[in-house]
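One letter stands for each residue in the lines below.
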There are 2 protein chains.
Amino acid sequence: MGNKETLNISIMDKVLAPVKNDLAEFNRHFKVSMKSHVRLLDIATSFILKQKGKKIRPTLVLLTASLCGGINPRTHRGAVMVELLHTATLVHDDVVDQADKRRGFPSINAIWKNKASVLIGDYLLSKGLMLSVSSKDYDFLETITDTVKRMSEGELLQLEKTRKLDIDEETYFKVISDKTASLIETCCYIGALSATENQDFRNNAKRFGSLLGLSFQIKDDILDYEGTTKLFGKPIGGDIKEKKITLPLIYAMQNAGAAESKKIIKQIKGISQKDNVDSIIQFVKSNNGLKMAQEKAVELASQAKELLKIFPSSEYRESLEYLVDFVVSRKS
Amino acid sequence: MGNKETLNISIMDKVLAPVKNDLAEFNRHFKVSMKSHVRLLDIATSFILKQKGKKIRPTLVLLTASLCGGINPRTHRGAVMVELLHTATLVHDDVVDQADKRRGFPSINAIWKNKASVLIGDYLLSKGLMLSVSSKDYDFLETITDTVKRMSEGELLQLEKTRKLDIDEETYFKVISDKTASLIETCCYIGALSATENQDFRNNAKRFGSLLGLSFQIKDDILDYEGTTKLFGKPIGGDIKEKKITLPLIYAMQNAGAAESKKIIKQIKGISQKDNVDSIIQFVKSNNGLKMAQEKAVELASQAKELLKIFPSSEYRESLEYLVDFVVSRKS
C-alpha cells in the first residue's frame, strides 16, 4: 500500500503547494461552519473532520481564484460552501452503502444510521446554502443549487440505466457530466466568480472544471477494469457487479458488434456480487475498450489544458496543468 | 373509515374556500415545477402528484398573503417552493420507513428505492431553491434554508433523545418547534412577505404559524394515545413503540413523580414493536398527561388566534381561526 499512497499524497502536495496557507485557512473556516447545537450532529461532523480527505474541491476554488486575480473572503466562503455540499452528498451516499453491507434483518441501529445520514446530509446542505444567502453570494447560490439538481439527476439517470442496461455513449456522458463533472465545474467557476469580472476568464475556468471532471470520471471508470488487485477504493470489476455500464464497456461493445454485445448484456443481467467477472473484463480489453476510453480521457484533458492558456503563466496555472496530467495518468 | 374522512375533507374544504381558485392555480404551477428530463424522476413525481394530499402548506401561504394584502405572483412562487420542500422531506422520510418494513436481507430493489428516495428528495429540494434563486426571492431563500436546517436539527435531536430517553418538556418543545412548527411558520411568513411591507403583519403571521404548528404537533402526539383503534395514520401507541417520548408522557411523569417515572422509562427501554403498550397508555391517562397536553395545545391555539386580531376581519381570517380550532379539536 505504502508506495502508491505516498505517491498520491506527494502529487496532491505539489498541486496544492501554491495555496497551502490558504488551504489551512479554509480548514479553520470549514470547521467553524460545521458547528451545531445538536450533540449527535457534532459527533458526526467531528468524525467527518477527522477523516480529512484530499480537499480537492476547495483546492480547485482557491487555485482558480488565484489564477483569475487572487483569493479574497468571498473565495473562502465559496470553498466552504462547495465542501459542505460535497460532504452532504457523501453522507447521503452512505445511506445506500450501509444498506448494502447489512446482513439479515436490518437492525434498529442500521435504520437509525440511515435516518441520521439523510438528516445530517440535509443539514450540511442547508448550512452551505445559508452561508451564501447570509453573505448575499447570490451568484454562488445560482450555480450551486443547479449543481445539486444536476448531481441528483445524474445519479438517478445512472440508476435508471443500471436497471435497464441500455446506456449508450451519449447517455454515459450526460450521466458523468451531471453526477461528477458538475461539482468540479462549479468549484472552478466559483473561484473565478469570486476573483474576476472578466467573462472569458470565468467561462474558461468553468469549462476547464467540466473537462477536468469528465476526464477524472472516465479514468475512474477505466481503473475499475485495470490491474489484478486494486489497492484503494473499490475492487476490480466492481462497476460490472453493480451492473454499471461505463465507457470502456460501451466502446468495447461498439467494436465487437451487435451479436457479441447482446451476449455480454445478457451475461451482465444475470450477474451477482459473488460472480467472477473476468470474462467481461477480458471482453472489454480485447475489444479495445480500455484503450479507446483512455484516449478519450486524454483528449478531454488536453482540451482542459488548452483552456488554461488564456491565463497568464503562474505557479497556479502550472498546478492545474499538473493536476490534469495526473488525473489521466494515475494508476489508482 | 367513511365518516371521519368525509368530515376532514369538508373541514379542509371550508378552510380553503376563500382561496379555492388560487389553490387550483397553485396546482398547475406545482405540476410544472416538478418536470424533469429524467424518466425515473417523472415517474416518481407523477406518483407524488397523484397522491394529492391536503395541500395545507400552500393553503397557508395563500391565506396569509390574502390576509396581508392579496395574492400575487410572488405568493404563488412561495407556495410552490414550500410544497416542493415539504415533498422533499416526505420522500427523505420514506428512506427509513422502507427499511423498517423490509424482512430478511434487503433486496436490491429496496436498496435501489432507498438510493432513489434520497436522490429524488435532493432533486425536489434543489428545484424549490432554484425557483427562489432565479426569481431573486432572496427573502424566501433566507427563511427556507434556515427551515431546512431546523427541520433536520429537530429530527436529529429527537433521534438522539429517542436513544437516551432523557427528553424533558423544554427539549420536547425545541424538537417540535424545529421539526414541525418551523415549516408552518415559514409558510405563513412567506405569505406575509409576499403581500405586505408592514413589519407587524409579517411578525404576527410568522408567530401565528409557529403557534399553529406547535399545537398541531401536540395534538398529533395526543392522538397517538387516544381511542382504541385509530382510523388513519399510525396505530395507537406507535410513538411509544418507537421509544418517542412526547408531551402527554412527559406531563404524566411530572405528575407521577421520580420513582414511578423511573419504572416507566425502564419499561420503555425494553419495549419492541410487538409489545403491548396498554399499561403505559394507562399510566399517561391516569396521571393526567393527556388532559394537560390538551390544555397546552388549546392555550397555544388561543395565543395563535389572538395574533390574528391585528388583521382586518375577513373571510381569510375566519378560515385561519377555523383551522386553529379544528387542529386542536380534531379526533384523527
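Residues numbered from 1 in each chain as written. Chains lettered and ligands numbered in written order. Predicted model: local features only at pLDDT ≥ 70, side-chain atom pairs only at ≥ 80, totals over all residues.

**Details of the overall build of chain A**
Thought 1: When helices and strands are tallied, chain A shows 15 helices and zero strands.
Thought 2: For chain A, with 332 residues in total, the buried portion stands at 51%.
Thought 3: Restricting to contacts in chain A with at least 6 residues of sequence separation, those with at least 24 account for 77%. (Helix = DSSP H or I, 4+ residues; strand = E, 2+ residues; numbered from the N terminus. Buried ≥ 20, exposed ≤ 12 C-beta atoms within 10 Å, placed from the backbone. Contact = placed C-beta atoms within 7 Å.)

**Some thoughts on unusual backbone geometry**
Residue and element names in this part refer to chain B.
Thought 1: One non-glycine residue with positive phi stands out, namely Leu-165, at about 55°.
Thought 2: A tally of 14 C-beta atoms within 10 Å means that Leu-165 is categorised as partly exposed.
Thought 3: Of note in this structure, Lys-243 is not a glycine but carries a positive phi near 60°.

**Quick look at helix H3 (residues 39–51) of chain B**
Residues and elements named next belong to chain B.
Thought 1: When the terminal C-alpha atoms of H3 are compared, their 19 Å separation across 13 residues agrees well with the 18 Å that a helix rising 1.5 Å per residue should span.
Thought 2: Taken residue by residue, H3 has Leu-41, Ala-44 and Thr-45 as its buried positions. Across the axial projection of H3, the buried residues extend over an arc of 95°, all falling on one side. Every exposed residue of H3 that faces more than 90 degrees away from the buried side is listed here: Arg-39, Ile-43, Ser-46, Phe-47 and Lys-50.
Thought 3: Downstream of H3 by a residue or two, Gly-53 has a phi angle that is positive, lying close to 85°. (Expected span 1.5 Å × (residues − 1). Arc of directions from axis to C-beta.)

**What about the packing of helix H9 (residues 199–223) of chain A against helix H14 (residues 289–308) of chain A?**
All names here are of chain A.
Thought 1: Put simply, H9 and H14 touch, their axes get as near as 8 Å, and they point 160° apart. It follows that H9 is roughly antiparallel to H14 by the angle criterion. The interaxial crossing formed by H9 with H14 has left-handed handedness. Between H9 and H14, the residues in contact are Asn-204, Arg-207, Phe-208, Leu-211, Leu-212, Leu-214, Ser-215, Ile-218, Lys-219, Asp-221 and Ile-222 and Leu-290, Ala-293, Gln-294, Lys-296, Ala-297, Leu-300, Ala-301, Gln-303, Ala-304, Leu-307 and Leu-308, respectively.
Thought 2: Classifying every residue of the contact of H9 with H14 by side-chain character gives 14 nonpolar, four polar and four charged. (Axes fitted to C-alpha atoms, helices over the stretch in contact; angles between N-to-C directions. Parallel < 35°, antiparallel > 145°, perpendicular 65-115°, else oblique. Left-handed = near helix turned anticlockwise from the far one by under 90°. Nonpolar A, V, L, I, M, F, W, Y, C, P; charged D, E, K, R; others polar.)

**Digging into the environment of A:Thr246**
Residue and element names in this part refer to chain A.
Thought 1: Relative to the helices and strands, Thr-246 is located in the loop between helix H10 (238–241) and helix H11 (247–256).
Thought 2: Given 24 C-beta atoms within a 10 Å radius, Thr-246 is considered buried.
Thought 3: Note: C-alpha distance between Thr-246 and Ile-281 (35 residues apart in sequence) is 12 Å.
Thought 4: Residue contacts for Thr-246: discarding those within four places in its chain leaves Tyr-172, Asp-221, Asp-224 and Asp-239.

**A few points about the confidence of the model for chain A**
Residue and element names in this part refer to chain A.
Thought 1: Residues of chain A with pLDDT of at least 70 account for 89%, and the chain-wide mean is 88.
Thought 2: Of all secondary-structure elements in chain A, the lowest mean pLDDT belongs to helix H1 (residues 2–16), at 65, while H14 reaches the highest, 98.
Thought 3: Taken together, the stretch residues 1–6 has pLDDT below 50 and engages in four contacts with residues farther than four places along the chain or on a different chain.
Thought 4: Across residues 98–108 the pLDDT falls below 50, and counting only partners more than four positions away or on other chains, this stretch makes 19 contacts in the model.
Thought 5: As a predicted assembly, this complex carries a pTM of 0.89 together with an ipTM value of 0.87. (pLDDT = per-residue confidence, 0-100.)

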